[in-house]
Amino acid sequence: MIKEDTNARVELGTMLPLMEAFYTIQGEGFHKGTAAYFIRIGGCDVGCHWCDVKESWNALLHPPTAIEVMVEDAVKHSKTIVITGGEPLTWNMDPLTTLLKERGCKIHIETSGAYELSGIWDWICLSPKKIKLPTPEIYAVAHELKVIVFNNNDFLFAEEQASRINENCILYLQPEWSKREKMIPLIVDYVMANPKWKVSLQTHKYLNIP
Ligand code: SF4
């Protein structure tokens, strides 16, 4: 396929820069403990300094892959699919999610919400980032708000984000991994004092699975 065709298909969302795909257990948030097939799409320019997948940032490092190939691989493993990144909303998610829906999949997304929402989702996990805030429309449709707590200021940011979110959204505070020993006691105290919040941990890292 010539390069122009590939670029055009990536633009349309019928090819996407695939970083990796794997069957594992969802470690975080509402669906923690659930077996799911993860599709990690390359490309993110949000730039969180503590990001644990910085190798995802440069989309050019990840091969443009036809969504048909991605879906065939996915359904061999699971009907619960988590689309993550990078920032998947960098790209048009309509074609990929339409195809997964045609195959009877439940589709979850992990997103910062920094870009226009595309795609068909059964579950939207919104993890907002201070340096590139979510677009207004995603607050109305997110199922789960997951705020990463790196320092004390993040409690204020969490409340500010919660004030924008729809009333059915489940609220999580999750320690940033490298700060977990310092922040977990603070999160525990905060959640006990403010029980609308729940604690989320990166249990996959404790389980030593991807
Ligand atoms: S939005 Fe996610 S992938 Fe992008 S820099 Fe932040 S943590 Fe990393």
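Everything discussed here concerns the structure shown above.
Just so it is clear, the structure is predicted and the values come from calculations on it, not from any experiment.

Q: I'm lost on the packing of helix 2 (residues 67–77) against helix 3 (residues 94–102) in this one. Help?
A: Each pair of packed helices gets described by two things: the angle between the helix axes and the distance between those axes. Between helix 2 and helix 3, the shortest axis-to-axis distance is 10 Å and the interhelical angle comes to 35°. The two elements helix 2 and helix 3 meet at a crossing, and its hand is right-handed. Mapping the contact onto sequence places I67, E68, M70, V71 and A74 in helix 2 and P95, L96, L99 and L100 in helix 3. Split by residue class, the contact of helix 2 with helix 3 holds eight nonpolar, no polar and one charged.

Q: How do you make sense of the pairing of strand 5 (residues 106–111) when you look at a structure like this?
A: Working note: regular strand, side chains alternate between the two faces of the sheet. With five of six residues buried, strand 5 lies mostly within the body of the structure. Alignment of strand 4 (residues 80–85) against strand 5, held across four bridges, turns out to be parallel. Looking at strand 5, one finds that T80 is bridged to K106. Handedness of the crossover joining strand 4 and strand 5 through helix 3: right-handed. Looking at chain direction, strand 5 and strand 6 (residues 123–126) are connected through four bridges and run parallel. Bridge pairing in strand 6 links H108 to W123.

Q: I'm lost on the pairing of strand 1 (residues 15–25) in this one. Help?
A: Of the strand pairs in this sheet, strand 1 and strand 3 (residues 64–66) are connected by three bridges, and their pairing is antiparallel. If you follow P17 over to strand 3, its bridge partner there is P64. As paired elements, strand 1 and strand 2 (residues 35–41) share seven bridges and run antiparallel to each other. Along strand 2, the bridge assignment pairs Y23 with Y37.

Q: Just checking my understanding: could you explain the pattern of salt bridges for this structure?
A: Once their charged atoms are close, side chains differing in charge can pair, the charge on each being opposite to the other. Scanning the entire structure with this criterion turns up twelve salt bridges. Residue E110 pairs with K146 through a salt bridge whose shortest N-O separation is 2.9 Å. Of this pair, E110 sits in strand 5 while K146 sits in strand 7 (residues 144–149), placing them 36 residues apart in sequence. Classification of E110 as buried rests on a relative accessible area of 17%. Given the relative accessible area of 3%, K146 is considered buried. Its salt-bridge partner being D154, residue K130 comes within 2.6 Å of it at the nearest N-O pair. Of this pair, K130 sits in the loop between strand 6 and strand 7 while D154 sits in helix 4 (residues 153–162); the two residues are 24 residues apart in sequence, bridging distant segments of the chain. Assessed through its relative accessible area of 6%, D154 is described here as buried.

Q: What am I meant to see in a nonpolar patch on the surface here?
A: A surface patch of nonpolar side chains, about 260 Å² in accessible area, is lined by V188, M192 and V199. Here V188 lies in helix 5 (residues 180–193).

Conventions used here
Residues numbered from 1 in each chain as written. Predicted model: local features only at pLDDT ≥ 70, side-chain atom pairs only at ≥ 80, totals over all residues. Heavy atoms only, no water. Axes fitted to C-alpha atoms, helices over the stretch in contact; angles between N-to-C directions. Helix = DSSP H or I, 4+ residues; strand = E, 2+ residues; numbered from the N terminus. Left-handed = near helix turned anticlockwise from the far one by under 90°. Contact = heavy atoms within 4.5 Å. Nonpolar A, V, L, I, M, F, W, Y, C, P; charged D, E, K, R; others polar. Buried < 20%, exposed > 50% of the residue type's maximum accessible area, 1.4 Å probe, protein only. Pairing = 2+ DSSP bridges. Right-handed = clockwise from strand over helix to strand, strands pointing away. Salt bridge = Lys/Arg side-chain N within 4 Å of Asp/Glu carboxyl O. Patch = residues over 30% accessible without salt bridge, like charges linked within 9 Å, V, L, I, M, F, W, Y side chains within 5 Å. Areas by Shrake-Rupley, 256 points an atom, 1.4 Å probe, with all protein chains shown as cover.

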